[in-house]
Structure formats: C-alpha cells, structure tokens
Amino acid sequence: IRGRIYGGQAQNVLVSKNIIEELTWHFNGNALFSNNIFLNAPSSTISTTFRYISNSVFRNNIMFCGSSSNCFRDMSANSFNHNIWVHSFAVPSGSTGVNNIINQPAEEVFLDHSGYFFDYDSNFQLNTGSPGIAAGTDGNDIGIYGSSQPYKEGAVPYIPHVVSRTIAEETDVEGKLQIEVEVQ
C-alpha cells in the first residue's frame, strides 16, 4: 500500500500481511494489525506512522517508523506484542507490550531490502539469524512470511489460485465439453 490507511474510526478490523509505506490512522476498537511491514521514511512528510488508534492489537509486525520520535501520536490502550522495531521502542503510555525486538538495524532485517520504500525486487523474508525467526505469537516468523498461511510469492491468494485453464472450443460427439483447470 503506497499511501495511507484511513480507518474512519473503524472497529473489528483485520489488517494482515501488507507492506504499508505511509501512516495508519483512525482505528477505534478491536483492530488487529498482524504480520505486516510498516515502512515510513525518516524524511517523510508524514510526521507519525500511527495516529489516533485505540484499543487495538499490533502483533508480529515489522516496524520501520524511521525514529522512535515519529512513531505514535494520540494512541491509547493498545497492545504491542512480538514486533520487530528498527529503533528503540517504548510502549506508549496507557498501552501494553511484550516480547518486542528492538534496535534492529534497518539494513539487516530482510534478506534483500534496503531503505524505507517498497521495491518489487526486494526479498522481505527475515534475514538469516534474525531474532524474529519463529518469534511470533504463534511460533512462526514475524512479518508477512509468518503465520500458518504465510505470504505467497506473486501476491496471489493463498487458496485457491487458478494457475491455468484450458477449455475446448466445442463439445465432442457425445456433447461433452473438455475442461482442464490447474489450481494451487
């Protein structure tokens, strides 16, 4: 997502397995942000990555806020669990958090990605030896390749995905139409 996610005070929302370049704001209650990568450049014109979010859960995410000072604004009663932070992280006042991995060098988080902007040529799997490997709340990796249904290359749906299909142009002598479909 190469822009902002504006929740409009949405409740009971799942935001999962995304790569988000700008800010996420205005969620109010029972939002779950799980296995995402939040990128926000230190020189971004956006002053904070997360704004006006309350009573929500952030788990198994990778957070590139740019610096600890531009991460949060007007946040309350949130839970931060098992996230990777590229800077120091302190749980915002009135919120909770456990097992967060902090001060990870930005250039060492992924197998092949640098900077704070999305690139199709990047490999967003965790770097070899990352403390985020098998460190998620469910025992899987932190980030988009974690969970029981990790990110699938090419950004295709996890199940089902039609790989190929062949449909005959006409029926046979018995009136049957030959159809072949391959799914993953």
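Given the structure is predicted, the values throughout are model-derived calculations rather than measurements.

### Thoughts on the overall build of the chain
Next, step 1: Scanning the chain from terminus to terminus reveals zero helices and 17 strands.
Next, step 2: Taken over the C-alpha trace, the chain has a radius of gyration of 20 Å; the compact-globule value for 184 residues is 16 Å, which it surpasses by more than 25%.
Next, step 3: Oriented by its inertia axes, the alpha-carbon framework of the chain measures out at about 75 × 35 × 35 Å.
Next, step 4: The burial tally for the chain puts 41% of its 184 residues in the buried class.
Next, step 5: A separation threshold of at least 6 residues defines the contact pool for the chain, and within that pool the share at least 24 residues apart is 34%.
Next, step 6: Per element, the accessible surface of the chain, about 9900 Å² overall, is 48% carbon and sulfur.
Next, step 7: In the chain, the 9 positive side-chain charges and the 17 negative ones have mean positions that sit 11 Å from each other.

### Remarks on the sheet that holds strand β7 (residues 50-54)
Next, step 1: Spatially, the four strands line up as an open sheet ordered β1-β4-β7-β10, and their pairing is parallel. Both outer strands of the open sheet, β1 (5-10) and β10 (72-73), are each paired with one neighbouring strand and no more.
Next, step 2: With four bridges joining them, strand β4 (residues 24-28) and β7 adopt parallel strand pairing. Residue pairing in the sheet places T24 in a bridge with F50 of β7.

### Some thoughts on the environment of A106
Next, step 1: Mapped onto the fold, A106 is located in the loop between β13 (96-98) and β14 (110-112).
Next, step 2: Along the backbone, A106 and V86 are 20 residues apart, and their C-alpha atoms lie at a distance of 5.5 Å.
Next, step 3: Apart from the residues lying within four places of it in its own chain, the contact partners of A106 are F64, V86 and Y116.

### A look at the sheet that holds strand β11 (residues 79-81)
Next, step 1: Pairing is parallel in the open sheet, where five strands are placed in the order β2-β5-β8-β11-β13. Two strands lie at the open edges of the sheet, namely β2 (14-16) and β13, each paired on one side alone. The mean angle between the axes of side-by-side strands here comes to 10 degrees, regardless of whether they run parallel or antiparallel.
Next, step 2: Judged from the three bridges that link them, β11 and β13 form a sheet pairing that is parallel. Counterpart to S79 in the pairing with β13 is T96.

Definitions and cut-offs
Residues numbered from 1 in each chain as written. Predicted model: local features only at pLDDT ≥ 70, side-chain atom pairs only at ≥ 80, totals over all residues. Heavy atoms only, no water. Helix = DSSP H or I, 4+ residues; strand = E, 2+ residues; numbered from the N terminus. Rg over C-alpha atoms; globule rule 2.2 N^0.38 Å. Buried < 20%, exposed > 50% of the residue type's maximum accessible area, 1.4 Å probe, protein only. Contact = heavy atoms within 4.5 Å. Areas by Shrake-Rupley, 256 points an atom, 1.4 Å probe, with all protein chains shown as cover. Lys, Arg positive; Asp, Glu negative; His and termini not counted. Charge placed at Lys NZ, Arg CZ, Asp CG, Glu CD. Pairing = 2+ DSSP bridges. Axes fitted to C-alpha atoms, helices over the stretch in contact; angles between N-to-C directions.

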